[in-house]
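Remarks on the overall topology
Chain by chain, the residues run as shown.
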Amino acid sequence: MVNRIVQPRSIAQIGLLVLGIGHVADAALAQQRPAQRTPAPVTEDSGSADIRQQRERELREIEDALRRTTTENAQLAAEIAQLRGDRQKLNTELVATSQRVREAEARTATTQDNLTRLSTSETALQRSLGARQGTIIEVLASLQRIGRKPPPAVLVRPEDIMQSIRTSMLLGSVLPELRQEAEIIIQDLSALVATRKAVVQERDKLAAEAEVMRIERQRVASLIATRQKQLETGESRLLEERRKIQQLVREAQSLKDLIARMESEIVSANRAALAASAVPLPAQNPALAAALAPGALKDMARLQPKIAFQDTKGTLSLPATGSMTKFFGASDGFGGRENGVSIETGKLALVTSPSDGWVSFAGSYRSYGQVLIINAGGGYRMVMTGLEKVTVDIGQFVLAGEPVASMGENPAGALAPENGTGNPVIYIEIRKDGVPIDPSPWWAKPDGEKVRG
């Protein structure tokens, strides 16, 4: 599927015009010349001046046609430049906004972890203080005798208890044998007060991040809608392809079988596979690959990868933010081994493409939720399952970091862990010539956005 921005002409049309411009000029010249006219025979009475004038007219006609061709070429070049600029701007916004969403999701996950830890600490302190209720009552009894007022609630207003105990200690009204216990109680009460303040702060931070994510996700949705509108689509063709895809899904025995049949029987997937076969070859040595990698992602208007997938090792970001729960090669609990990795994400988490590539499949498959398969070229394919919604179409070229899907509220049936939290889970495989391989060499080392696991 070819990307198309709504402008005077689609990229496909412009390309055809450019390729056929010579034929257009020839046709124009042919129309301007008298059809099937046989030149008058030159006789002894025909002067050389007439022959010269005829040739000059023909030359002027050719020059006029060339000028028209040059003008149209310039106009087409300007349109292509404008289209390329628009595509670059849109892609830049998509990737940048997606990155902000991913960063907000990472901060939210960290804040949620902090909140869970603080809530656990608060519960432990409350239990500890509750277990020493008798000792606290003894300490506070002395305060009753001095102040003739009832002791404050232990776990409701710990600040009042601290103040009372400190006053009591200063007055010497606490029995010496209770002084040490009173100091321990004060420490626990102080920790409880600080913990409760921290809980309030983390909850405020969580609410603020939720608002940031809401706004940025709305922006991503708008940008995705704009991007998809710019794609060249034929509604009847799409309906027919979707019908075929559903039939293939019913008949496919495995993901490998599905990929092979998709790329041979579905026009858009076949076109994507052909485009993927033209990606650059791997670099001659690791040093050259490392030198090429930083600049490979700079051109936001690119229509194919700038370097081979093999050369992107150590540079790819995971498709979603979360905690890695299953690793390649680990036991799958059924006597086999994991062919990929699983990440437990936050609810409604954004999913971005780890690498450049063409969409070979996008749709539901058995109990794996929505499945997305990206052909990265060179025989490499990335398989992602457990998705709630896919926002790209088969045959579409996507950039590394571009939004391609989103997670739901719960894990897909086949990916739900036995003792999980109920959060959604995304499963990722990298396949080389149909065989799953260890994806770990491709992932970039965590930096600002860390995958916890």
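Here the structure is shown first, and the text comes after it.
Predicted, not measured: the structure shown is a model, and the values here were computed from it. (Residues numbered from 1 in each chain as written. Predicted model: local features only at pLDDT ≥ 70, side-chain atom pairs only at ≥ 80, totals over all residues. Heavy atoms only, no water.)

Positive phi values are uncommon outside glycine, yet R366 reaches one of about 50 degrees. Inspection of the secondary structure puts R366 in the loop between β4 (357-364) and β5 (370-377). Although it is not a glycine, D433 adopts a positive phi angle of roughly 55 degrees. Within the fold, D433 resides in the loop between β10 (425-432) and β11 (435-437). A residue is classified by how much of its surface remains accessible, and D433, at 53% relative accessible area, is exposed. (Helix = DSSP H or I, 4+ residues; strand = E, 2+ residues; numbered from the N terminus. Buried < 20%, exposed > 50% of the residue type's maximum accessible area, 1.4 Å probe, protein only.)

What follows is about the packing of aromatic side chains. If you walk through the whole model with that rule in mind, you get five aromatic pairs. With a centroid separation of 4.9 Å and an interplanar angle of 40 degrees, the aromatic rings of F309 and Y380 are classed as tilted. Residue F309 is found in the loop between α10 (286-292) and β1 (322-326), and its partner Y380 is found in strand β6 (residues 380-387); the two are separated by 71 residues along the sequence. Y380 shares its class with F309; the two are buried. Ring centres of Y365 and Y368 lie 6.3 Å apart, and the angle between their planes is 20 degrees; this geometry places the pair in the stacked category. Ring pairing ties together the aromatic residues F309, Y380 and W442, which thus form one cluster. Positioned above the aromatic ring of W442, the side-chain terminus of K313 is 4.8 Å from the ring centre. (Phe/Tyr/Trp six-rings, centres within 6.5 Å; stacked < 30°, edge-to-face > 60°. Lys NZ or Arg CZ within 6 Å of the ring centre and 35° of its normal.)

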